[in-house]
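Per-entry structural report
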Amino acid sequence: MSDPEKELEMLRHRIDETDSELVRLLLQRRELAAQVGVVKRDLGQPLYVPEREAMMLEQRRQQAADMGLSPALIEDVLRRVIRESYQQQQAADVHLQDKNVVVVGGAGALGRLFVRLFESAGATVNVIDTGDWALAEAYCSQADLVLVSVPVAVTVDVITQLPTLPPSCVLADVTSIKQQPLEAMLAKHSGPVVGLHPMFGPQQATLAKQLMVACHGRDEDSYQWLLQSIQRWGAQVKQIDAQEHDKAMSFVQVLRHLSTFVYGAHLAQERVDVQQLLDLSSPIYRLELMMVGRLFAQDANLYADIILSDPHNFQMLRRYVQLFDTLLEELEQRGKSDFVQRFADVREYFGEFAQRFLSESQRLLDTAGDAQQIS
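For the structure given in this document, a descriptive report is provided here. Since we're looking at a predicted model, the values are computed, not measured.

1. Thoughts on the overall build of the protein chain
In terms of helices and strands, the protein chain carries 15 helices and seven strands. Across its three principal axes, the protein chain shows a C-alpha extent of roughly 85 × 65 × 35 Å. Taken across its 375 residues, the protein chain has 35% of its residues classed as buried. Contacts in the protein chain between residues far apart in sequence, at least 24 positions, make up 67% of those at least 6 positions apart. Approximately 23500 Å² of the protein chain is accessible, and the part contributed by carbon and sulfur atoms is 54%. Averaged over its 36 positive side-chain charges, the protein chain has a centre that lies 2 Å from the centre of its 51 negative ones.

2. So, the pairing of strand E2 (residues 124–128)
The pairing of strand E1 (residues 100–104) with E2 spans five bridges and is classified as parallel. Residue pairing for E2: Val102 is matched across the bridge by Asn126. Handedness of the crossover joining E1 and E2 through helix H4 (residues 109–120) is recorded here as right-handed.

3. Quick notes on the sheet that holds strand E3 (residues 145–148)
With mixed pairing, the seven strands of this open sheet are ordered in space as E2-E1-E3-E4-E5-E6-E7. The outermost strands of the open sheet, each flanked by one partner alone, are E2 and strand E7 (236–239). Averaged over all neighbouring strand pairs, the angle between strand axes comes to 25 degrees, with direction disregarded.

4. Description of a nonpolar patch on the surface
On the surface, Val346, Tyr349, Phe350, Phe353 and Phe357 cluster together into a nonpolar patch covering about 520 Å² of accessible area. Listing elements by their share of the nonpolar patch, those giving two or more residues are helix H14 (336–350) and helix H15 (352–371). At three residues, H14 tops the list of elements feeding residues into the nonpolar patch. Summarising the element assignment, Phe357 is placed in helix H15.

5. Quick word on the packing of aromatic side chains
Note on aromatic pairs: each is described by the distance of the centres and the angle between the planes. Within the structure shown, the criterion is met by five aromatic pairs. Summarising the aromatic geometry, the rings of Phe261 and Phe296 are spaced 6.0 Å apart at their centres and angled 35 degrees between planes, so their arrangement reads as tilted. Of this pair, Phe261 sits in helix H9 (residues 242–269) while Phe296 sits in the loop between helix H11 (283–295) and helix H12 (300–308), and the two are 35 residues apart along the sequence. Plain terms: the ring middles of Phe339 and Phe343 are 6.1 Å apart, the flat faces sit at 45 degrees to each other, and that makes the pair tilted. One end of the pair, Phe339, and the other, Phe343, are both in helix H14, four residues apart, so they sit about a helical turn from each other. Accessibility expressed as a relative area gives 46% for Phe343, which makes it partly exposed. Above the face of the Trp225 ring, Lys99 is positioned so that its terminal group lies 4.5 Å from the ring centre.

6. With respect to H14
Here H14 is 15 residues long and its end C-alpha atoms lie 21 Å apart, about the 21 Å a rise of 1.5 Å per residue gives. Gly351 sits one or two positions beyond H14 and adopts a positive phi of about 55 degrees.

7. Points about the side chain of His197
Tracing the chain through its elements places His197 in strand E5 (residues 193–198). Once residues within four sequence positions are removed from consideration, His197 is found in contact with Thr175, Ser176, Lys178, Leu211, Met212, Val213, His245, Met249 and Gln253.

8. Considerations on the packing of helix H6 (residues 152–161) against helix H7 (residues 179–188)
One can describe the packing of H6 onto H7 by two numbers: an axis separation of 9 Å at closest approach and a directional angle of 5 degrees. Between H6 and H7, the crossing angle belongs to the class labelled roughly parallel. Between H6 and H7, the residues in contact are Thr155, Val156, Ile159 and Thr160 and Gln180, Pro181, Ala184, Met185 and Lys188, respectively. Looking at the contact of H6 with H7 residue by residue, the classes come out as five nonpolar, three polar and one charged.

9. Overview of the pattern of salt bridges
On inspection of all chains with the given rule, the structure shows nine salt bridges. Two residues, Asp173 and Lys178, come together in a salt bridge whose shortest N-O distance is 3.0 Å. Like Lys178, Asp173 is buried. What emerges from the salt-bridge pattern is a single network uniting Glu53, Arg61, Glu75, Arg79 and Lys209.

10. Focus: unusual backbone geometry
Residue Asp219 is not a glycine yet carries a positive backbone phi of 60 degrees. Within the fold, Asp219 resides in the loop between strand E6 (211–218) and helix H8 (224–232). A positive phi angle is found at Arg271, which is not glycine, with a value near 55 degrees. With respect to the helices, strands and loops of the structure, Arg271 is situated in the loop between H9 and helix H10 (274–279).

11. Regarding the nonpolar core
Counting residues in hydrophobic clusters, the biggest one holds 31 residues, and the most contacted among them are Phe118, Leu145, Leu196, Leu226 and Trp233. Among the secondary structure elements, those contributing two or more residues to this core are E1, H4, E3, strand E4 (170–173), E5, E6 and H8. Tallying contributions element by element places H4 first for this core, with six residues. By size, the runner-up hydrophobic cluster in this structure holds 22 residues, among which are Cys169, Ala184, Val213 and Ala242.

So, how was this worked out
- Counting starts from 1 at the beginning of each chain's written sequence and moves along it residue by residue.
- In keeping with the predicted nature of the model, local features appear solely for residues at pLDDT of at least 70, side-chain atom pairs appear and are counted solely at 80 or more, and the whole-chain, interface and lining totals rest on all residues.
- Think of the side-chain values as coming from all heavy atoms in the structure, minus any hydrogens and water.
- Helix and strand assignments come from DSSP, with helices taken as H or I runs of at least 4 residues and strands as E runs of at least 2, each series counted from the N terminus.
- Any residue under 20% of the maximum accessible area for its type is buried, any over 50% is exposed, and the rest in between are partly exposed; the area is computed with a 1.4 Å probe on protein chains only.
- Contacts between residues were defined by any pair of non-hydrogen atoms, one from each residue, lying within 4.5 Å.
- Each accessible area is a Shrake-Rupley result for a 1.4 Å probe, and residues are judged covered by the shown protein chains and nothing else.
- Here the positive residues are Lys and Arg and the negative ones are Asp and Glu; neither His nor the chain ends is included.
- Here the site of a charge means NZ on Lys, CZ on Arg, CG on Asp, or CD on Glu.
- Two strands make a pair as long as DSSP finds a minimum of two bridges between them.
- By definition, the crossover connecting two strands over a helix is right-handed if that path, from the first strand to the second, turns clockwise as seen with the strands pointing away from the viewer.
- An axis is simply a line fitted to the C-alpha atoms; with a helix, the fit covers only the stretch in contact. Between two such axes, the angle follows the N-to-C directions and lies from 0 to 180 degrees.
- Patch definition: residues above 30% relative accessible area lacking any salt bridge, with like charges linked at up to 9 Å and the nonpolar side chains Val, Leu, Ile, Met, Phe, Trp and Tyr linked at up to 5 Å.
- In the sections that follow, a salt bridge refers to a side-chain nitrogen of Lys or Arg positioned within 4 Å of a carboxyl oxygen of Asp or Glu.
- Only centres within 6.5 Å qualify two rings of Phe, Tyr or Trp (six-membered ring in Trp) as a pair; their planes then separate them into stacked at under 30 degrees, edge-to-face at over 60, and tilted for everything else.
- Counting as a charge over the ring demands two things of the Lys NZ or Arg CZ atom: a distance within 6 Å of the ring centre and an angle within 35 degrees of the ring normal.
- Under the convention used throughout, the expected extent of a helix is 1.5 Å for every residue step, that is, one less than its residue count.
- When describing relative orientation, an angle under 35 degrees is termed roughly parallel and one over 145 degrees roughly antiparallel, while 65 to 115 degrees is termed roughly perpendicular and anything else oblique.
- Note on residue categories: nonpolar means Ala, Val, Leu, Ile, Met, Phe, Trp, Tyr, Cys or Pro, charged means Asp, Glu, Lys or Arg, and polar means any other residue, Gly included.
- Here, nonpolar core means buried Ala, Val, Leu, Ile, Met, Phe, Trp, Tyr and Cys residues that are tied together by side-chain atoms lying within 4.5 Å of each other.

Have a look at this one:
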């Protein structure tokens, strides 16, 4: 064995030892994070404190720069470690032993998530689902919270069928549209009312760093305990007017869902070889294709109900289709110049967000590139 080969073997051995030490340090950090979680739970502090995380990341970025390391590398590593830590920590010690909660639709995927959360906080939880309406009056008569978690298409009907609730009971829903359910709840119940929209799916192990939208209905002070519980479980609560929420969701959800559906339907119609597309895709196109495929791994009724939830959605969608056709015709008839000008106009509209989105998406693409295996 030549000397360079011995040196290579020695260096590889030292790398293995260093990697082993990194694993040991990661274990030590996880154990410390678990202890922090216990103390925060006892103190009733939320699982996720954005100011603390941001400060810690900035300090480590600066330390990395001072030592000649890539700040972006250190941030990527720490973000992955932090995400794992949140999975290990328990949510803040939410005490709801004095609360009686009814989850309408509690046998569904999202309903089960909230049943688990409230039960973990010590609340008495009763579930009303298909075939359980005979129990609704008895359950609701003692309720401190009635949470409606049913498909969009039947939410308003279910709300109107609820029995009379105690005056102090909070009536809430977790539907992806807000104005119609909120109006139905206000008409049904004279007590506290709030509309909620979880911007996450039922598969979440914790609510750490998740977003919950809240739309005020009536008697805000009386449902603060509910919002505070959600925050202590780790979520951030964003309050917004119900009408503004639904207008925003027409772009966040409706437009994106239908565009994704049409993209997938077009691939199917053209009989495109999906595996070949994957083999030829860079991380960004692979992610786009994954987002299309992800849609078709889920419930068609959910997406249909969201798109059909408001007749005004179709007016907006038709404007989108018309613009698509106009831009296609401009490109076909007038060539490159009009496209470049349109591009510049839209870039001006996005302003500083364009560069911000470029930077944030690059982090996602780097992660996707690390995970991709090329055979």
